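Residue-level structural notes
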Amino acid sequence: MTFDIALVLLILLSALVLFVTGWLRMDVVALLVMCLLALLGLVSPTEAVSGFSNPAVITVWAMFIMSEGLTRAGIADSIGRRVMRLSGSSETQMIIVIMLVSGLLSAFMSNIGVVALLLPVTVEAARRCGISPAKILMPMAFGAMLGGLLTLIGTPPNLLVSMALDNSGQPGFKLFDFALIGLPVLLACTLFMAIIGRHFLPATDPDRAGMAGSHDLSEQYGLQERIFALRLPTPSLLAGRTLEESGLINTVGLMVIALTRGKETFTLPSRHTVLKAGDIVLAQGKLNRFERLRSWNSLTIEREAPLLHEKLLAASCLAELEVAATGPLSNEQLEHHRFREHYQLNVLAVKRPGQVLCTRLADFTLAPGDKILVQGSSDALEELQYQAAFSAIERLSVDAVKKQYQLQERLFVLGLPADSPLVDSSFAENRLGDAFDFRLLGLFRQGEIIQQFHSDDKLQAGDLLLIQGREEDLDILRGFKQLERLDDMSPYLDLLAKGQLQLVEATLHPRSKYLGQSVNALQLDKRYKVEVSAIWREGRAYRSALGSMLLQAGDALLIVGPKPQLAKLNDSEHLIVLNPVQVKPVNASKAPLAAGLMALMVLLTLTGVLPIYLSAILAATLMVASRCLTMEQAYGAIDWRSIFLIAGMLPLGLAMQHSGTAAWLAQGVLSGLGQHGPLAVLAGLYLVTALGTLIIPTVALVLIMAPIGLMLSGVLGINGQSAMIVVAVAATSLASPVSHAANTLVMGPAGYRFVDYLKVGGPLSLLLFVITMALLPLFWPLSAG
């Protein structure tokens, strides 16, 4: 052993220790190795930085850009989702389909990119079929890595061993040379995982996959306490009405999370969705408030409405109030119960030029000059003189009101039986002044007229309630009574677990114009198709009737919706999202162009018009020029850590050759296995490389083993491609979660442990070894040539 060999081995050993311990980042270690080799004179300065211009490095970063372009064009996602629909509900069938799909995609895309792309699709498909994602995610990652063995561009090790051959003066690999072993390996390993390997995989809880953040927020805000499910019977009085018309949203104050109809579930359905018999509505809100409104069904319709109204009008005063342009009611919604509490007057109607409204006033926005018809005591009207909300007050006679407004058409009387659950309830509890925009104009009790009452006053048996509104809305109340409450809350939890809905937390921007306005004013449902499910204020969570709550500085809003819609909140100028979600935008119109550019790259390489690295650069540049992605997105797509790792470690291979280290190590291998023939030596090379994948990053390992393989092939007098194909296949890291990012990516979502990779990846690696050793002499004869 020479001094230079000792130095190279010391640097190699130090790099391995740093790789295994993780004391420094891998790319930093590679750059330190590069600089140290040049400093000690083991390579020239030019050779030290030659890795950055190496064709393999260039091809790798170009392929990162190509992969991103295909992703943003929606090609891979579209393929993945279509195949998932064909996978059925069988665990075995799903494993076969997902491994083959991920393998074929990885032949032309980054392995990591394929896994990241298929991860949510796979989890969703598995959960939909009642299969633990842990049973599918590892096979998907293995399929992506094995698929990299189908083409020269499938994985960086393939490019590195091919470039090593070129640099040694031997012919490199062609685009599909690797498929001679890669395709049989992919098919055999797929069958192994579908028949045997899946039984070694854990059946971890599906709820662990990727949705912990949503579950944590759900628990923090106590959403489960306010979730319940309602089923519409057959027949139902609510069938044929929209969600908005049903009163579930505006009257009961519910947020409809999902609507299940047969086998389909619609998340956050529109207010205009028409209900049908058999529908299951998953809602969030106060169940006791809903039950209280259901108890309205106990009220009886009386026929004395005109007579009682005459008595009420005779005992009270009528007036028109003109809304002041600068007053607090201008451009605000008219909320009757708040108006009554503040002014002690009942709102009967609103008039503006050419329009008179007597119902649905809760949805009406007041404008300057509007005239509000009110009824109440003379004292209450006198107090209005000191209110800035009104620019004019005009008292009206009963005859004038009848002529202009025709109120009798919208009046009815409800009687309160002694057995009604509403007896002894307060007006605030039963929301009589709120529901369906019913307005309680007066109360007749034991022959007396009561027109001034507080929200804390209680109802008594025998009371007659004079109501202004639509009598047909009472059918909706009867429809409430028909609704069947379900006890199973699992559908809501499934929506979070499957990723159909997610939760984010946001707060208002300090300069937002919506401070002091209601939650409804944000119009998140219309603008983004998401909903506010809870508000955290001063140490407590508010989870029902949120639409009318006035927003305050410091409020935390819990917002629920599909991930793509929540991602749009990141661009809101009024909200600061505390846990933003990111979704890559997909431009499906660019899909044919992106696919065409990938085909162009393959064609130029196969015909020999351009080498692989120039073909990849040309296709990647055209991707940007044709706006499949922007230059900023192209820069962001490149995994610079991998680029610096490869470029920094390439000089170590040169140093191993120049110093004689590779020959010295090769001689050690030959002394132990040489007497058994070339196949035994290559088997030893394979096993050493495969064991190295347990602790060493794949790219760094290939750069170390490639010079040794070339030296062995030279000494044995065999084809250099045979040794390099062994190194490339052996570097497929199946038994370790740390040496390849594809394995690392699925480890957390599936809840895998290190030992799970050993239990499944170990036997699979052995199968890979047997197939490779069996096929190697058939396609790459163990002779020089």
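For clarity, every value in this text was computed on a predicted model and none was experimentally measured.

**A short note on the environment of arginine 352**
Topologically, arginine 352 is positioned in strand E7 (residues 346-352). Residue classification places arginine 352 among the partly exposed positions, given a relative accessible area of 25%. Dropping the residues within four chain positions of it, arginine 352 is found in contact with Phe364, Thr365, Leu366, Ala367 and Asp370. A distance of 3.4 Å separates a polar side-chain atom of arginine 352 from the backbone oxygen of threonine 365.

**Details of the confidence of the model for the protein**
Per-residue confidence for the protein gives a mean pLDDT of 81; residues scoring 70 or more make up 87%. At the level of individual helices and strands, the protein shows its lowest average pLDDT in helix H11 (residues 212-220), which scores 57, and its highest in helix H10 (residues 179-195), which scores 94. Residue range residues 205-213 is modelled with pLDDT below 50. Its contacts to residues more than four positions away, or to other chains, number 20 contacts.

**Some words on the packing of helix H28 (residues 678-692) against helix H30 (residues 720-730)**
Two numbers describe how H28 lies on H30: the axes approach to 8 Å, and their chain directions differ by 30 degrees. Relative to H30, the element H28 is oriented roughly parallel. The chirality of how H28 crosses H30 is right-handed. Each of Leu682, Leu685, Tyr686, Thr689 and Ala690 in H28 lies in contact with H30, whose residues at this interface are Ser722, Ala723, Val726, Val727, Val729 and Ala730. Its residues placed into classes, the contact of H28 with H30 shows 9 nonpolar, 2 polar and no charged.

**So, the environment of serine 298**
Summarising the element assignment, serine 298 is placed in the loop between helix H13 (287-294) and strand E5 (300-302). Measuring from C-alpha to C-alpha, the distance between serine 298 and lysine 481 comes to 9.7 Å, with 183 residues separating the pair along the chain. Those residues in contact with serine 298 that sit more than four places away from it in its chain are Pro417, Ser420 and Pro421.

**Topic: the sheet that holds strand E17 (residues 531-537)**
The strand order across the open sheet formed by 5 strands is E18-E17-E19-E16-E20, and the pairing between neighbours is antiparallel. Of all the strands in the sheet, just strand E18 (540-542) and strand E20 (575-577) have a single pairing partner and so form its edges. Adjacent strand axes in the sheet meet at a mean angle of 30 degrees, parallel and antiparallel pairs treated alike. Here strand E16 (residues 502-508) pairs with E20 via 3 bridges, running antiparallel. Of the residues in E20, the one forming a bridge with leucine 508 is leucine 575.

**Side note on the pairing of strand E4 (residues 280-284)**
Here E4 lies mainly inside the structure; 4 of its 5 residues are buried. Direction of pairing for strand E1 (residues 227-231) relative to E4: antiparallel, over a ladder of 5 bridges. In the sheet register, arginine 231 faces E4, and the bridge partner there is isoleucine 280. In the sheet, strand E2 (residues 255-261) pairs with E4 via 5 bridges, with the strands oriented antiparallel. Residue pairing in the sheet places methionine 255 in a bridge with glutamine 284 of E4.

**Notes on the pairing of E1**
For E1, the tally of buried residues reaches 4 of 5 residues, placing the bulk of the element in the interior. Here E1 pairs with strand E15 (residues 484-486) via 3 bridges, running antiparallel. Note on E15: the bridge partner recorded for arginine 231 is glutamate 484.

**Details of the packing of H28 against helix H32 (residues 754-779)**
The contact between H28 and H32 brings their axes to 11 Å, and the two run at 150 degrees. Between H28 and H32, the interaxial angle falls into the category roughly antiparallel. When the axes of H28 and H32 are compared, the crossing they make is right-handed. Across the interface between the two elements, Leu679, Leu682, Ala683, Tyr686 and Leu687 from H28 touch Ser765, Leu768, Phe769, Thr772, Met773, Leu776 and Pro777 from H32. Of the residues contributing to the contact of H28 with H32, the split by class is 10 nonpolar, 2 polar and no charged.

**Things to note about the pattern of salt bridges**
Counted under the stated rule, the structure contains 13 salt bridges. One salt bridge connects aspartate 370 with arginine 352, and the closest N-O pair in it is separated by 2.6 Å. With aspartate 370 in the loop between strand E8 (355-357) and strand E9 (371-376) and arginine 352 in strand E7, this residue pair connects regions lying 18 residues apart in the sequence. According to the relative accessible area criterion, aspartate 370 is buried, its value standing at 2%.

**A few points about the sheet that holds E7**
Judged by pairing direction, the sheet is antiparallel, and its 5 strands sit side by side in the order E8-E7-E9-E6-E10 without closing on themselves. Looking along the sheet, the strands with just one partner apiece sit at the ends: E8 and strand E10 (390-396). The average angle at which neighbouring strand axes cross in this sheet is 25 degrees, direction not considered. Running over the sheet, helix H15 (residues 336-343) touches strand E6 (317-323), E7, E9 and E10 and is turned about 115 degrees from E7.

What counts, and at which threshold
Residues numbered from 1 in each chain as written. Predicted model: local features only at pLDDT ≥ 70, side-chain atom pairs only at ≥ 80, totals over all residues. Heavy atoms only, no water. Helix = DSSP H or I, 4+ residues; strand = E, 2+ residues; numbered from the N terminus. Buried < 20%, exposed > 50% of the residue type's maximum accessible area, 1.4 Å probe, protein only. Contact = heavy atoms within 4.5 Å. Polar contact = N/O pair within 3.5 Å; in protein donor to acceptor, adjacent residues only side chain to side chain. pLDDT = per-residue confidence, 0-100. Axes fitted to C-alpha atoms, helices over the stretch in contact; angles between N-to-C directions. Parallel < 35°, antiparallel > 145°, perpendicular 65-115°, else oblique. Left-handed = near helix turned anticlockwise from the far one by under 90°. Nonpolar A, V, L, I, M, F, W, Y, C, P; charged D, E, K, R; others polar. Pairing = 2+ DSSP bridges. Salt bridge = Lys/Arg side-chain N within 4 Å of Asp/Glu carboxyl O.

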